[in-house]
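Descriptive analysis of the structure
Listed here are the chains, written in short residue letters.
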Amino acid sequence: MKDYIYQRVMDSAEYILANGATVRGAAKVFCVSKSTVHKDVSERLAEADPILYAKVKKVLDTNLAERHIRGGMATRKKFMKRAD
């Protein structure tokens, strides 16, 4: 793995872990695509640092479990805004 990719992988993983961020949130901060962040933290991180990968995977699994709730809240907010 090239040095700049390794550094991006580690930075993304640390950001997700520190902030409980989603893949989309990390992508926005690092100005890369969601696909890139997802590949970084799901495939490349497992090779680079298995212990950090396990920690990040817990955060991503939590985000996945809460995804439907966030979507419902966003829809509710949209319709509440329309009602005004």
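Provided above is the structure to which this section pertains.
In what follows, the accompanying structure is described. (Residues numbered from 1 in each chain as written. Predicted model: local features only at pLDDT ≥ 70, side-chain atom pairs only at ≥ 80, totals over all residues. Heavy atoms only, no water.)

In the contact formed by helix 3 (residues 34-48) and helix 4 (residues 50-83), the axes pass within 7 Å of each other and the chain directions differ by 150°. For the element pair helix 3 / helix 4, the angle class is roughly antiparallel. Handedness of the crossing formed by helix 3 with helix 4: left-handed. Seen from helix 3, the contacting residues are Val41, Ser42, Leu45, Ala46 and Ala48; seen from helix 4, they are Pro50, Leu52, Tyr53, Val56 and Leu60. Class assignment for the residues of the contact of helix 3 with helix 4 results in nine nonpolar, one polar and no charged. (Axes fitted to C-alpha atoms, helices over the stretch in contact; angles between N-to-C directions. Helix = DSSP H or I, 4+ residues; strand = E, 2+ residues; numbered from the N terminus. Parallel < 35°, antiparallel > 145°, perpendicular 65-115°, else oblique. Left-handed = near helix turned anticlockwise from the far one by under 90°. Contact = heavy atoms within 4.5 Å. Nonpolar A, V, L, I, M, F, W, Y, C, P; charged D, E, K, R; others polar.)

Right, let's get into the packing of helix 2 (residues 23-30) against helix 3. When two helices pack together, their arrangement is given by the angle between the helix axes and by the axis-to-axis distance. Where helix 2 contacts helix 3, the axes come no closer than 8 Å and their chain directions differ by 110°. Taken together, the axis directions place helix 2 and helix 3 in an arrangement best described as roughly perpendicular. You can see that helix 2 and helix 3 cross each other, and the crossing is right-handed. The segment helix 2 lies against helix 3, with Val23, Arg24, Ala26 and Ala27 engaging Lys34, Val37 and His38. Its residues placed into classes, the contact of helix 2 with helix 3 shows four nonpolar, one polar and two charged.

The subject of this paragraph is the side chain of serine 12. Tracing the sequence through the fold places serine 12 in helix 1 (residues 3-19). For serine 12, the contacting residues outside a window of four places in its chain are Phe30 and Val41.

Keep in mind that these numbers describe shape and distance, not what the molecule does.
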